[in-house]
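Breakdown of the fold
Listed below are the residues making up each chain.
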Amino acid sequence: MEDRFGHRISYLRVSITDRCNERCTYCMPQELQEWLPREEILSFEETLRLIRIATALGVSKIRITGGEPLTRRDVVQFFRLLAQTGMRELGLSTNGTLLSREVAPGLTMAQAVRDCGFTSVNISLDTLDRDEYARVTGRDLLPAAIAGIESALTAGFPQVKLNCVLMRGHNDQSLTNLVDFASERNLLLRFIELMPVSTTEVLTDENFFPVAEARRKIETKFGPLVPEPEFRTNGPASYYQIAGRNQRLGFIGAMTNLHFCESCNKLRLTCDGKLRPCLGSYLEFDILGPLRAGASDEELRRFFLGVVERKPEQHDFRTNYRPGRKMVAIGG
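The rules we used
- Residues numbered from 1 in each chain as written.
- Predicted model: local features only at pLDDT ≥ 70, side-chain atom pairs only at ≥ 80, totals over all residues.
- Heavy atoms only, no water.
- Helix = DSSP H or I, 4+ residues; strand = E, 2+ residues; numbered from the N terminus.
- Buried < 20%, exposed > 50% of the residue type's maximum accessible area, 1.4 Å probe, protein only.
- Contact = heavy atoms within 4.5 Å.
- Areas by Shrake-Rupley, 256 points an atom, 1.4 Å probe, with all protein chains shown as cover.
- Axes fitted to C-alpha atoms, helices over the stretch in contact; angles between N-to-C directions.
- Parallel < 35°, antiparallel > 145°, perpendicular 65-115°, else oblique.
- Left-handed = near helix turned anticlockwise from the far one by under 90°.
- Nonpolar A, V, L, I, M, F, W, Y, C, P; charged D, E, K, R; others polar.
- Pairing = 2+ DSSP bridges.
- 1 Å grid on protein atoms, 1.4 Å probe; cavity = no way out; pocket = protein on both sides within 12 Å on 5 of 7 lines; lining within 4 Å.
- Points joined across faces, edges and corners; volume = space filled by probe spheres on them.
- Salt bridge = Lys/Arg side-chain N within 4 Å of Asp/Glu carboxyl O.
- Phe/Tyr/Trp six-rings, centres within 6.5 Å; stacked < 30°, edge-to-face > 60°.
- Lys NZ or Arg CZ within 6 Å of the ring centre and 35° of its normal.
- Expected span 1.5 Å × (residues − 1).
- Arc of directions from axis to C-beta.

Turning to the overall build of the protein chain, a few remarks are in order. Along the protein chain, the regular secondary structure elements total 10 helices and 14 strands. Counting over 332 residues, the protein chain shows a buried share of 55%. Long-range pairs, those at least 24 residues apart, make up 76% of the contacts in the protein chain between residues at least 6 apart in sequence. Approximately 14400 Å² of the protein chain is accessible, and the part contributed by carbon and sulfur atoms is 48%.

Below, the structure is given as structure tokens:
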């Protein structure tokens, strides 16, 4: 699939729930959250059908997101069925707090996910300060998140990434601690600029902390970072090497990088059956309706192609974008 701007679509991010066991300020800041009714959520069978159609159209990587995807009942069984679709790359995005939980005697959730063929796991970790973690996430779950990271490493994922959302006044003074933490465990650490995907009150001048400033702060301890323009993952991060140290850092600057969208290769499927061609756009198209109305695979295939055709050239985050719905409902 290729859109009119030359974006070649090979990556589908699939949200399987809007529910989460945390309340991160940049994702779902209000404590009282109205969860979607069960009947409005794509069933696992419906999700798998749409994934198979996307695979036939050239999608080679799926990343499962939420909310917190591991809160959904019978998720491991879904992962086993997902592995049978023949998808080349399977990834999981999680806050990590449930990865160390036993799903069977002697079997952690992390190991169960790895056994289903997942090759990568992205874990949110914004700070190593327990009090600050509780303030940002609304839950005192840092020990569980650390245990989840260790479980992911024990499970043997080929790639474990840490994602840190930058927020001035919250974690801007402790970035080097995260760098050392990632180095000790051979983890790929990525710093992500705050984006207007929650409420307009979250993205303020007081909260916003650009990746360029984060990079300079890291360089005060580790020296100049060495750009690695040839190193790429499936996302939009720019990567740097710490000189004299076998460690790579990624920086995702959706707000300040004017070339951020040039290599975009993804679509998003929300848990309530909307296809979104861009995170930073109001555009979303209801595929749940035709799916439940009896659409054929060919009709759904054309639906996918129509959404790709409407993919914008770039996001709207820098043009006074006001979020239509929270990140937890879109899929992280």
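Still to come is the rest of the account.
What follows is about the environment of R13. Mapped onto the fold, R13 is located in strand β1 (residues 11–15). Taking the C-alpha atoms as reference points, R13 and T270, separated by 257 residues in sequence, lie 8.3 Å from one another.

How two helices sit against one another is set out by the angle between their axes and by the gap between those axes. Relative orientation of the contacting elements helix α1 (residues 44–56) and helix α2 (residues 75–83) amounts to 25 degrees, with a least axis distance of 11 Å. In terms of orientation, α1 and α2 fall into the roughly parallel class. Here α1 and α2 pass one another in a crossing that is right-handed. Together, F44, T47, L48 and I51 of α1 and V75, F78, L81 and L82 of α2 make up the contact between the two elements. Looking at side-chain class alone, the contact of α1 with α2 contains seven nonpolar, one polar and no charged residues.

Residue alternation in strand β12 (residues 266–269) divides its side chains into two sets, K266 and R268 and L267 and L269, and both sets are buried. Where β1 and β12 come together, four bridges link them in parallel fashion. Paired with Y11 across the two strands is K266, which belongs to β12. The pairing of β12 with strand β13 (residues 274–276) spans two bridges and is classified as antiparallel.

This brings us to the layout of surface pockets. Looking at the second largest pocket, its volume works out to about 340 Å³. Looking at the second largest pocket, it is lined by 15 residues, and the ones nearest its centre are T17, R19, R38, R72 and R73. Residue composition of the lining of the second largest pocket, by class: six nonpolar, three polar and six charged.

Here we come to the pattern of salt bridges. Evaluation of the coordinates by the stated rule reveals 15 salt bridges. With a shortest N-O distance of 3.6 Å, D272 and K274 are connected by a salt bridge. By relative accessible area, which is 9% here, D272 ends up buried. Between E298 and R301 there is a salt bridge, with its nearest N and O atoms 3.0 Å apart. Separated by three residues within a single helix, E298 and R301 lie in helix α9 (residues 297–309), roughly one turn from each other. Among the charged side chains, a salt-bridge network with shared partners connects E150, E184 and R185.

Across all of its chains, the model carries six aromatic pairs by this definition. Judged by centre distance (4.8 Å) and plane angle (90 degrees), the ring pair of F231 and Y239 falls under edge-to-face. Connected via pairs of aromatic rings, a cluster forms that spans F44, F78, F79 and F118. Positioned over the ring face of F44 is R72, at 3.9 Å from the centre of the ring.

Strand pairing in a sheet takes place through backbone hydrogen bonds and is either antiparallel or parallel in direction. Strand order in this open sheet of 12 strands is β9-β10-β11-β8-β7-β6-β3-β2-β1-β12-β13-β14, and the pairing throughout is mixed. Looking at the sheet topology across the chains shown, the edges are occupied by β9 (225–227) and β14 (285–286). Summarising the sheet, strand β10 (residues 238–242) and strand β11 (residues 248–252) pair through four bridges and their orientation is antiparallel. Among the inter-strand pairings, Y239 is bridged to a residue of β11, identified as G250.

This paragraph deals with α9. Taking 1.5 Å per residue as the helical rise, α9 with its 13 residues ought to reach 18 Å, and the 18 Å between its terminal C-alpha atoms agrees with that figure. Every buried residue of α9 is listed here: L300, F304, G306, V307 and V308. In this structure, the buried side of α9 is in contact with α1, β12, β13, β14 and α8 (288–292).

Before going further, it helps to examine α2. Among the residues of α2, those classed as buried are V75, V76, F78, F79 and L82. Buried positions in α2, seen along its axis, are confined to an arc of 155 degrees and lie on one side of it. In the core, the buried residues of α2 are packed alongside α1, β2 (61–65), β3 (89–94) and α3 (109–115).

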